[in-house]
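Here's the letter readout for the chains.
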Amino acid sequence: MDYYVHEGDTLYIESISRLGRSTKDLLNIIDTLTEKGVTLISHKEKIDTDTPTGKFMLTVFAALSQLEREQLKQRQREGIEIAKAQGKYTGRKTIPTDWTRFGLLYGEWKSKHITGRDFMRRMDMSANTFYRRVREYELRHGITEPTSA
């Protein structure tokens, strides 16, 4: 957006909370827009940066938005901790692996008879799961040579 606005433009936004990630980030964006001669108008908060009151209100609302986001994150972390303590939050279940089949395909892959992509497709695994399982398999079997795709 920064590249598309020019002096004299007016930037309309739905809410200031959508413009920046933090108060500091938002104020930096506002400073950049001000230096370019761009006016900012927030529809939700009814703020116009062309006025001193608008600039002041923008700073106040930005700080309140950041506070609200941080409190939401804190409540979320607290809720997760409570759920973990009650045994309700265990994370995602691990995907079962047929280690016998994995071992056969691993041998084919290492001898370059199949590609890593073929290996992943045959085991129905994503790349992340595949490489995690390769590391696990190599640790279990004492294989120390570096893995390559």
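Residues numbered from 1 in each chain as written. Predicted model: local features only at pLDDT ≥ 70, side-chain atom pairs only at ≥ 80, totals over all residues. Heavy atoms only, no water.

1. Quick look at the side chain of Glu45
Tracing the backbone through its elements, the reader meets Glu45 in the loop between strand 2 (39-42) and strand 3 (47-48). No salt bridge forms around the buried Glu45; measuring N to O, its nearest opposite-charge neighbour Lys44 is 4.9 Å away. Polar side-chain contacts of Glu45 include one of 3.0 Å to the side chain of Ser15. At 2.2 Å, the side chain of Glu45 and the side chain of Ser42 are in polar contact. For Glu45, the residues in contact, after removing those within four places along its chain, are Glu14, Ser15, Ile16 and Phe61. (Helix = DSSP H or I, 4+ residues; strand = E, 2+ residues; numbered from the N terminus. Buried < 20%, exposed > 50% of the residue type's maximum accessible area, 1.4 Å probe, protein only. Lys, Arg positive; Asp, Glu negative; His and termini not counted. Salt bridge = Lys/Arg side-chain N within 4 Å of Asp/Glu carboxyl O. Polar contact = N/O pair within 3.5 Å; in protein donor to acceptor, adjacent residues only side chain to side chain. Contact = heavy atoms within 4.5 Å.)

2. Describing empty space enclosed by the protein
Applying the stated rule across the entire model yields 1 cavity of 30 Å³ or more. Reported here for the largest cavity is a volume of approximately 40 Å³. Taken together, Ile16, Ser17, Gly20, Ser22, Thr23, Leu26, Ala62, Ser65 and Arg69 form the lining of the largest cavity. Looking at the lining of the largest cavity, the elements that each hand over two or more residues are helix 1 (23-35) and helix 2 (52-85). Ranked by residue count, the leading element in the lining of the largest cavity is helix 2, at 3 residues. Residue composition of the lining of the largest cavity, by class: 3 nonpolar, 5 polar and 1 charged. (1 Å grid on protein atoms, 1.4 Å probe; cavity = no way out; pocket = protein on both sides within 12 Å on 5 of 7 lines; lining within 4 Å. Points joined across faces, edges and corners; volume = space filled by probe spheres on them. Nonpolar A, V, L, I, M, F, W, Y, C, P; charged D, E, K, R; others polar.)

3. Re the packing of aromatic side chains
This structure, assessed with the given rule, holds 10 aromatic pairs. One aromatic cluster is present, formed by Trp99, Phe102, Tyr106, Trp109, Phe119, Phe130, Tyr131 and Tyr137 through successive ring pairs. Positioned over the ring face of Trp109 is Lys110, at 5.4 Å from the centre of the ring. Positioned over the ring face of Trp99 is Arg140, at 4.3 Å from the centre of the ring. (Phe/Tyr/Trp six-rings, centres within 6.5 Å; stacked < 30°, edge-to-face > 60°. Lys NZ or Arg CZ within 6 Å of the ring centre and 35° of its normal.)

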